[in-house]
Amino acid sequence: MVAGAITARTVIAEPAQTAARWTIPATAAEENNPLPVNAATLAGGKRFYVSKCERCHGPEGKGNGPDADANYAADMDLTNGARAVRNPDGVVFYKIWNGRLTPKMPMFSEELTKEQVWAIVAYAQSLRAQQ
Ligand code: HEC
């Protein structure tokens, strides 16, 4: 006979994608890009940027792609020098890796490798200097 109800509850980790805010580990700012930031890395990063990011962030990273959220144009502007301080490489990595729900940015951990995301980080960070 079964004695009593089963009370154990399974805790299912919430996918990062459903988080309203960014999911960024406390140590993210200390993580450096493991890739050399050279022409080859930037060219690879640009290819992924064009296919995965440009529709929202725009060809120059100004946050003005066709699928951009107009209410968050300033937050989507990757070229804004004033936002550089809060976006070191490791932080940008996790923003891309985990995404966020509101305003919506997709998570890319299921379709890109870490190395691919680091290449995108290098390219995205280079957009400021290209202004
Ligand atoms: C569906 C649209 C969409 C796509 C696709 C998208 N993003 Fe975003 N992204 C956003 C939105 C919206 C924000 C602003 C979130 C906020 O308000 O903090 C954002 C913010 C960011 C930020 C933070 C900027 C800052 O100053 O805080 C970075 C970095 C970023 N995106 C990089 C990327 C990269 C790189 C890609 C491609 C791999 C990408 N995004 C794809 C919508 C998108």
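Our subject is the structure listed above.
Residues numbered from 1 in each chain as written. Predicted model: local features only at pLDDT ≥ 70, side-chain atom pairs only at ≥ 80, totals over all residues.

Caption draft 1: Representation of the overall build of the chain. From N to C terminus, the chain includes five helices and zero strands. Counting only contacts in the chain whose residues sit at least 6 apart along the sequence, the fraction spanning at least 24 positions is 67%. (Helix = DSSP H or I, 4+ residues; strand = E, 2+ residues; numbered from the N terminus. Contact = placed C-beta atoms within 7 Å.)

Caption draft 2: Geometry of the environment of glutamate 110. Checked against the element boundaries, glutamate 110 lands in the loop between helix 4 (89-98) and helix 5 (114-126). Sequence spacing of glutamate 110 and tryptophan 97 is 13 residues, and the spatial spacing of their C-alpha atoms is 8.4 Å.

Caption draft 3: Quick peek at the site of the ligand. If you check the shell around the ligand, you find 23 residues, and the closest are Cys53, Cys56, Asp75, Pro103 and Met105. Those elements that place two or more of their residues in the shell around the ligand are helix 2 (54-57), helix 3 (73-76), helix 4 and helix 5. Residues belonging to the shell around the ligand are distributed by class as follows: 13 nonpolar, two polar and eight charged. (Near = placed C-beta within 6 Å. Nonpolar A, V, L, I, M, F, W, Y, C, P; charged D, E, K, R; others polar.)

Caption draft 4: Structural context of helix 4. Among the ten residues that make up helix 4, eight are buried, leaving the element largely enclosed by the rest of the structure. Within helix 4 the residues assigned to the buried category are Asp89, Val92, Phe93, Tyr94, Lys95, Ile96, Trp97 and Asn98. Along its buried surface, helix 4 packs onto helix 5. Two residues or fewer after helix 4 comes glycine 99, characterised by a positive phi angle close to 65°. (Buried ≥ 20, exposed ≤ 12 C-beta atoms within 10 Å, placed from the backbone.)

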